[in-house]
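Results of the structural survey
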Amino acid sequence: MSQPRIVVVGSANTDLVVAVPHIPLPGETLLGGDLSVVAGGKGANQAVACARLGGHVTFIARVGDDTYGENSVRGYEKDGIDTRFVLSTPGTPSGVALIAVSATGENSIVVAPGANARLTRADILAASDAFDQADAILVSLEIPADAIFAAVEEGFARGKPVLVNPAPARLLPPEILAKITLLTPNETEAGFYGGVEALQQLGVKTIVTTLGARGSVIVSLGATPLFVPAFEVSAVDTVAAGDTFSGALAVKLAEGASLPDAVRFASGASALKVTRHGAQPGIPTRAEVEQFLAVQ
């Protein structure tokens, strides 16, 4: 089977991570562990996940003209990602995420968008050849609205499957929602949009709601909701679990898998991710996920 071609549009960050005994309360100061500097960003995490799990990935994003940006691009290239459209932004810092990770694997994240906030519709349109060749488009929402809309519209206009991970949750107009093939919110994000029924009324064709350790629910128009259980693992770091899920889902659907099979594969990839520290360093390979699923 040839590698499915996936265009990923989203953010590129560097994660500054500190382990803490618990997530700090408002006004609380904690002593944490040593600082870890790790490649992250929702778009970049999803691009890396797609690449490691079997996709040929073109990533569209912006980084700053700084060391963080240079190191990020080198990392993407090591994973075989096409970085022609990862654009350096003069005079602008790269995006940075400040992350506290608790002893139970939960996290608290503050993002400074930096160059991510400079991604434009023109940047998306400049990658038209990548959209022409794509088997699927994967978009997340840590970038400006105009870039999000352009990515969805470019995929839809070509009849490509458009997967949107609505994180962080933000309002999307009905005309954009109606062009999304598959939306992958978590419970909080689904609630932001008024629930699954509200999203269907706005025109979203299929929704996979992730429920963390409880699994996922697939809802398609005219079909009975289908629950897909999660795999029981010991979590140490949930950062990028959702991004790994989204990337895995995009790869399997682009390969022609059924949605339930794709969700099971994505659940396995996400389960492996949470057993490992770091966003991109913890994302598993295709072989690792297949080996994990073979014994479940």
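In case you missed it, the structure is sitting above this.
Note that the coordinates shown come from a computational prediction; the quantities given were computed from them, not determined experimentally.

Calculation notes
- Residues numbered from 1 in each chain as written.
- Predicted model: local features only at pLDDT ≥ 70, side-chain atom pairs only at ≥ 80, totals over all residues.
- Heavy atoms only, no water.
- Buried < 20%, exposed > 50% of the residue type's maximum accessible area, 1.4 Å probe, protein only.
- Helix = DSSP H or I, 4+ residues; strand = E, 2+ residues; numbered from the N terminus.
- Pairing = 2+ DSSP bridges.
- Right-handed = clockwise from strand over helix to strand, strands pointing away.
- Salt bridge = Lys/Arg side-chain N within 4 Å of Asp/Glu carboxyl O.

**Points about the pairing of strand β8 (residues 136-140)**
Of all 5 residues in β8, 5 are buried, a share of seventy percent or more. Burial along β8 is two-sided: Ala-136, Leu-138 and Ser-140 and Ile-137 and Val-139, pointing in opposite directions, are all buried. Here strand β1 (residues 5-9) runs beside β8; their pairing, made up of 4 bridges, is parallel. Of the residues in β8, the one forming a bridge with Ile-6 is Ala-136. Judged from the 4 bridges that link them, β8 and strand β9 (residues 162-165) form a sheet pairing that is parallel. Across the sheet, the residue bridging to Val-139 is Val-164, located in β9. Following the chain from β8 across helix α5 (residues 145-157) to the adjacent parallel β9, one finds a crossover that is right-handed.

**Let's talk about the pattern of salt bridges**
Applying the stated rule across the entire model yields 14 salt bridges. Here Asp-82 ties to Arg-84 by a salt bridge, and the two come within 2.9 Å at their closest N and O atoms. According to the relative accessible area criterion, Asp-82 is buried, its value standing at 16%. Glu-154 is the salt-bridge partner of Arg-158, the closest N and O atoms lying 3.0 Å from each other. Shared partners join several salt bridges into a network, and the residues in it are Lys-252, Glu-255, Arg-286 and Glu-290.

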